[in-house]
Amino acid sequence: MHERRESIHGQWSSRMAFILAATGAAVGLGNIWKFPYITGENGGAAFVLVYLLCLLLMATPIMMTEIMLGRRSRRSPILGMQALAREGNASRHWSLIGWMGVASGFLILSYYAVIMGWALAYVFRAGSGMFEGMSAPAIRAHFEGFAADPEKLLLWHTVAMLLTLTVVARGVRGGLEGATRWMMPLLALILVALVGYNMGSPEAFYQALSFMFTPDFSRLTPQSVLIAMGHAFFTLSIGMGAIMAYGSYMPERVSIARTTLIIVAADTVIALMAGLVIFPVVFANGLEVGAGPGLIFQTLPIAFAQMPWGTMFGALFFIVVSIAAWTSAISMIEPAVAHLVEQRGFTRVRATLLLGAIIWAIGLLSVLSFNLLADWTLFGKTFFGLLDFVTSNIMLPLGGMLMALFAAWVMRADSTRQELGLGRVSFALWRLLAAFIAPVGVLLMLLSGLGLWQ
Ligand code: PFF
């Protein structure tokens, strides 16, 4: 594996292209839709603090590790892990990491596309001026009516899946890279404008700031700690091989450590900004911070209904959310598509269509869990809630932990160090985090969050 090969799927054209594509995978519904609502449900600042700590101590070193595993193997995650295990004289069962990742990607995309569909639907709702002059309760009721309508959700879920598959079918350069190049800067720009707008109501803005940054640890439970950790993995798209696949298309000379830090910083700033866009509206209108998955759809249209140019801003905002979701969605299916192409000789288009159809079908259960099957619950969660909980909070952290253990304990230190391109001190720090701190942290949080350990 030391001879420098390219992945058979091609390569990003530059370091910038990799950064944009990986940031595109990282920045998504997790930042704009999920982070605000789980922060609301889990009590605010203390939750944010645990999330940031997990990001720094576990998710960042694991992201570096995952990119490194991809670039070292130059293959899709399943075959890549097999090849790396062979190189380290270890069991080929390490490829289980790749299989678990493929499963996580399927399950996550199946419900993610449903929410992406909501965002797409709201582009047209906001853009038609429908919310102008509507009261807060009416806007809330509108969302509830929408979620209760399985046909509408199904239609938008299908549109979201088709958009995703179109990009993936076009391959690394033509599809993945082209799509992310202009979408990310636009997203940042619109968020800045909306935060600026909110600063015009200092009282609500201040309330939002203190909700997000003044911790009250009494509100933290072992389960909310687990959710904060799971979200650190989810938001960076790590623990399931998407980033490993993207790393396998990374040019040789690019620094993994430096690019990882840029991606983590961009992802974090965007999530915090999304909080500062959403919470002031919640507080200014006396809404419920713990409203759950509908939060952004029930709050932001209220702000758009009142602000000058609100119709345009509203449409633009939901366009950006859709785009952010889109650039993430494509990364979830990429490892499985690349695998079928590499191992089974599928064409990219056939692999994409086959896998897309399966994921679309699983998604039907999530669609129905908001309406006809809303009463089907397990451990107090609907199918959608359960899928999200198990993938984000169990499968991704477990996958990430195994990758860290593999890189730190199975691979040879000289090859990891060379691939990561770190100096002596930073390599020692990476090793400490990947070999001990991240795996032990994940394990303890998993056990206590699942109630298996006090
Ligand atoms: N990071 C994405 C987000 O924050 O929306 C979600 C995600 C993408 C998770 C890709 C996992 C993945 F492989």
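Residues numbered from 1 in each chain as written. Predicted model: local features only at pLDDT ≥ 70, side-chain atom pairs only at ≥ 80, totals over all residues. Heavy atoms only, no water.

Draft legend 1. Spatial organisation of the overall build of the protein. A count of helices and strands for the protein gives 18 helices and 0 strands. The globule rule puts the C-alpha radius of gyration for 454 residues at 22 Å, and the 21 Å found for the protein is close to it. Overall, the protein is about 65 × 50 × 40 Å in size when its C-alpha atoms are taken along their principal axes. Taken as a whole, the protein presents about 17200 Å² of accessible surface, with 66% of it coming from carbon and sulfur. Side-chain charges of the protein comprise 27 positive and 21 negative groups, with the mean position of each set lying 12 Å from the other. (Helix = DSSP H or I, 4+ residues; strand = E, 2+ residues; numbered from the N terminus. Rg over C-alpha atoms; globule rule 2.2 N^0.38 Å. Areas by Shrake-Rupley, 256 points an atom, 1.4 Å probe, with all protein chains shown as cover. Lys, Arg positive; Asp, Glu negative; His and termini not counted. Charge placed at Lys NZ, Arg CZ, Asp CG, Glu CD.)

Draft legend 2. Highlighting the environment of N285. Mapped onto the elements of the fold, N285 is located in the loop between α12 (256-284) and α13 (295-306). The partly exposed category is assigned to N285, whose relative accessible area is 26%. For the pair N285 and L56, spaced 229 residues apart in the sequence, the C-alpha separation amounts to 34 Å. Apart from the residues within four sequence positions on either side, N285 is in contact with I302 and Q306. (Buried < 20%, exposed > 50% of the residue type's maximum accessible area, 1.4 Å probe, protein only. Contact = heavy atoms within 4.5 Å.)

Draft legend 3. Local environment of the site of the ligand. Residues in contact with the ligand amount to 15 residues; listed here are only the nearest, A26, G30, Y112, F234 and M240. In the model, an oxygen atom of the ligand is placed 3.3 Å from a nitrogen or oxygen of the N31 side chain. At 3.0 Å from a nitrogen atom of the ligand is found a main-chain nitrogen or oxygen belonging to T235. Contact with the protein chains hides 100% of the accessible area of the ligand, taken as 340 Å² for the molecule alone. Elements with a contribution of two residues or more to the shell around the ligand: α1 (15-26), α2 (29-41), α10 (222-236) and α14 (310-344). Residue composition of the shell around the ligand, grouped by class: 8 nonpolar, 7 polar and no charged. (Near = heavy atom within 4 Å. Polar contact = N/O pair within 3.5 Å; in protein donor to acceptor, adjacent residues only side chain to side chain. Nonpolar A, V, L, I, M, F, W, Y, C, P; charged D, E, K, R; others polar.)

Draft legend 4. Region of the structure containing the pattern of salt bridges. Scanning the entire structure with this criterion turns up 7 salt bridges. A salt bridge links K34 to D388, with the shortest nitrogen-to-oxygen separation between them at 2.9 Å. In this pair, K34 sits in helix α2 while D388 sits in helix α16 (residues 383-410), placing the two residues 354 residues apart along the sequence. Accessibility assignment for this pair places K34 and D388 in one class, buried. In this structure, the salt-bridge partner of E419 is R72, at a minimum N-O distance of 2.8 Å. (Salt bridge = Lys/Arg side-chain N within 4 Å of Asp/Glu carboxyl O.)

Draft legend 5. Structural view of the environment of A169. As for its position among the elements, A169 is in helix α7 (residues 150-169). Given the relative accessible area of 22%, A169 is considered partly exposed. Not counting chain neighbours up to four residues away, the residues in contact with A169 comprise R348, V349 and T352.

Draft legend 6. Up close: the packing of α13 against α14. The interhelical angle for the contact between α13 and α14, taken along N-to-C directions, is 150 degrees, at an axis separation of 9 Å. Classified by the angle between their axes, α13 and α14 sit roughly antiparallel to one another. Listed contacts from α14 to I296, F297, L300 and F304 of α13 are G310, T311, F313, G314, F317 and F318. Taken together, the residues that form the contact of α13 with α14 break down as 7 nonpolar, 3 polar and no charged. (Axes fitted to C-alpha atoms, helices over the stretch in contact; angles between N-to-C directions. Parallel < 35°, antiparallel > 145°, perpendicular 65-115°, else oblique.)

Limitation: the analysis is restricted to geometry and does not speak to function.
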